[in-house]
Amino acid sequence: MQLIKSINSVKKQIRKAKKTGKSIGLVPTMGYFHEGHLSLIRKAVKECDVVVISIFVNPAQFGPGEDYLRYPRELSRDLHLAEEESVNIVFAPSAKSMYPNGYQAYVNVEKMSKVLCGISRPSHFRGVVSVVAKLFNIIEPDIAYFGGKDAQQAIIVDRMVKDLNMNVKLKVLPIIREKDGLAMSSRNTYLNKMDRKNAANLYKSLKGAKRLINSGTRDTNRIIHTMRKMIKSVPHAQIDYISVVDAKGLKPVKRLKGKILIALAVYFGKTRLIDNIIVRL
Ligand code: AMP
């Protein structure tokens, strides 16, 4: 496995591989690997000849006062895990090389970036899609792998790929959860013991929504009301949003029909957790 920090060097390596007809898989990450990341990596290794994992805590997707500086980083552990999974290249560029002095080009997927997480994180998706566009240009992957945990991100990246005619196939894989149902996240390490225990309630509320739907409920307000009650039943849980939207355009729906995304963001203290389920009706 190679650790490459320079953009030019990784481009050279990729070109060499492409010349010999090898397929390239990319898993974009911010590092601090858990089983969620590893599930994407394993799938990429299974499906592609050359697998590149990018590790880059992208300053452009963090707003003022967010956790860019304290976001957990542990490159040596990540490298070890990537090596064990037979990854070919870990691409870990510096912020300076990705955003040199004078940098000004950003990609914006307009409407879909302004809903759900985009309300409390107004510049977040502009930062995400810009860095993903850069990674696609640098690595030129045949397939890029994303997690369903960041459902809005995957939907917005898909929109960008379609709108900008990019030559990459996207695969979105299921959410990997802890035993108690909490979606795995690098940010879970911020939680104290009590909040960590109570955070399992987020997935319970999503399962509660699923139960209501299975028993015939189609009214969005009723679902959101029930979820809200469940989440608020534990201390410290501050709801950012609970939304029921169509899973393609992220538009709110009043009554459930088709492919629906039920998504939430909840703060425990300063830690903001997200989770979601997709239901098909
Ligand atoms: P991150 O390092 O948090 O930016 O995540 C990198 C990729 O891993 C993104 O596509 C995430 O959606 C995905 N991911 C993060 N957590 C999980 C999880 N619990 N299950 C599946 N995929 C995940």
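Residues numbered from 1 in each chain as written. Predicted model: local features only at pLDDT ≥ 70, side-chain atom pairs only at ≥ 80, totals over all residues. Heavy atoms only, no water.

Participant: I tried to follow the pattern of salt bridges on my own but got confused; where do I start?
Facilitator: When the charged atoms of two side chains lie near each other, side chains of opposite charge can form a pair. On inspection of all chains with the given rule, the structure shows 12 salt bridges. Close ionic contact of aspartate 158 with lysine 162 constitutes a salt bridge, the shortest N to O distance being 2.7 Å. A residue pair is termed a helical-turn pair when its members lie 3 or 4 positions apart in one helix, as aspartate 158 and lysine 162 do in helix α7 (residues 151–163) at 4 residues. Taking the relative accessible area as the measure of exposure, aspartate 158 reaches 30% and is therefore partly exposed. Judged by its relative accessible area of 48%, lysine 162 is partly exposed. With a closest N to O distance of 2.8 Å, arginine 159 and aspartate 163 form a salt bridge. With arginine 159 and aspartate 163 both in helix α7 and 4 residues apart, this pair spans about one turn of that helix. (Salt bridge = Lys/Arg side-chain N within 4 Å of Asp/Glu carboxyl O. Helix = DSSP H or I, 4+ residues; strand = E, 2+ residues; numbered from the N terminus. Buried < 20%, exposed > 50% of the residue type's maximum accessible area, 1.4 Å probe, protein only.)

Participant: When you look at the site of the ligand in this model, what are you seeing that I'm missing?
Facilitator: For the ligand, the set of nearby residues contains 18 residues, the closest of which are Met30, His37, Asp150, Ile176 and Met184. Residue methionine 30 places a main-chain N or O atom 2.9 Å away from an oxygen atom belonging to the ligand. Protein coverage of the free-state accessible area of the ligand, which is 490 Å², stands at 94%. Sorting the residues of the shell around the ligand by element identifies β2 (24–29), α2 (35–47) and β5 (143–147) as the ones contributing at least two each. No other element matches the 3 residues that α2 contributes to the shell around the ligand. Looking at the shell around the ligand residue by residue, the class counts come to 9 nonpolar, 7 polar and 2 charged. (Near = heavy atom within 4 Å. Polar contact = N/O pair within 3.5 Å; in protein donor to acceptor, adjacent residues only side chain to side chain. Areas by Shrake-Rupley, 256 points an atom, 1.4 Å probe, with all protein chains shown as cover. Nonpolar A, V, L, I, M, F, W, Y, C, P; charged D, E, K, R; others polar.)

Participant: Any chance you could explain the environment of tyrosine 71 here in plain terms?
Facilitator: Within the secondary structure layout, tyrosine 71 lies in the loop between β3 (50–55) and α3 (75–84). Taking the C-alpha atoms as reference points, tyrosine 71 and glutamate 35, separated by 36 residues in sequence, lie 18 Å from one another. Separated by 3.4 Å, the side chains of tyrosine 71 and serine 186 make a polar contact.

Participant: Is there a simple way to think about the layout of surface pockets in this case?
Facilitator: One way to see where empty space is left: roll a probe the size of a water molecule over the atoms. Taken as a whole, the second largest pocket holds about 600 Å³ of empty space. As for the second largest pocket, its lining consists of 23 residues, of which Ile155, Val172, Ala247, Lys259 and Ile278 are closest to the centre. Of all elements in the fold, only α7, β6 (169–173) and β9 (271–280) reach the threshold of two or more residues within the lining of the second largest pocket. With 6 residues, α7 is the largest single contributor of residues to the lining of the second largest pocket. Each of domain 1 (2–173) and domain 2 (186–280) contributes no fewer than three residues to the lining of the second largest pocket. (1 Å grid on protein atoms, 1.4 Å probe; cavity = no way out; pocket = protein on both sides within 12 Å on 5 of 7 lines; lining within 4 Å. Points joined across faces, edges and corners; volume = space filled by probe spheres on them. Domains from an automatic or database assignment.)

Participant: How should I be thinking about the domain arrangement of the protein chain in this particular structure?
Facilitator: The extent of an interface is frequently quoted as the accessible surface area lost upon association of the parts. Entries for the protein chain in the domain assignment read domain 1 (2–173) and domain 2 (186–280). Between domain 1 and domain 2, the C-alpha centre-to-centre distance is 26 Å. If you look at the interface, domain 1 gives 21 residues, while domain 2 gives 18 residues. Summed over both sides, the interface of domain 1 with domain 2 buries roughly 1,700 Å², with 58% coming from carbon and sulfur. Taken together, the connections running from domain 1 to domain 2 amount to 1 salt bridge. In this structure, aspartate 67 and arginine 187 form a salt bridge, with 2.7 Å as the shortest nitrogen-oxygen distance. Across the contact surface, domain 1 and domain 2 share 8 residue pairs in polar contact (both at pLDDT 80 or more). (Contact = heavy atoms within 4.5 Å. Buried area = accessible area lost by both parts, 1.4 Å probe.)

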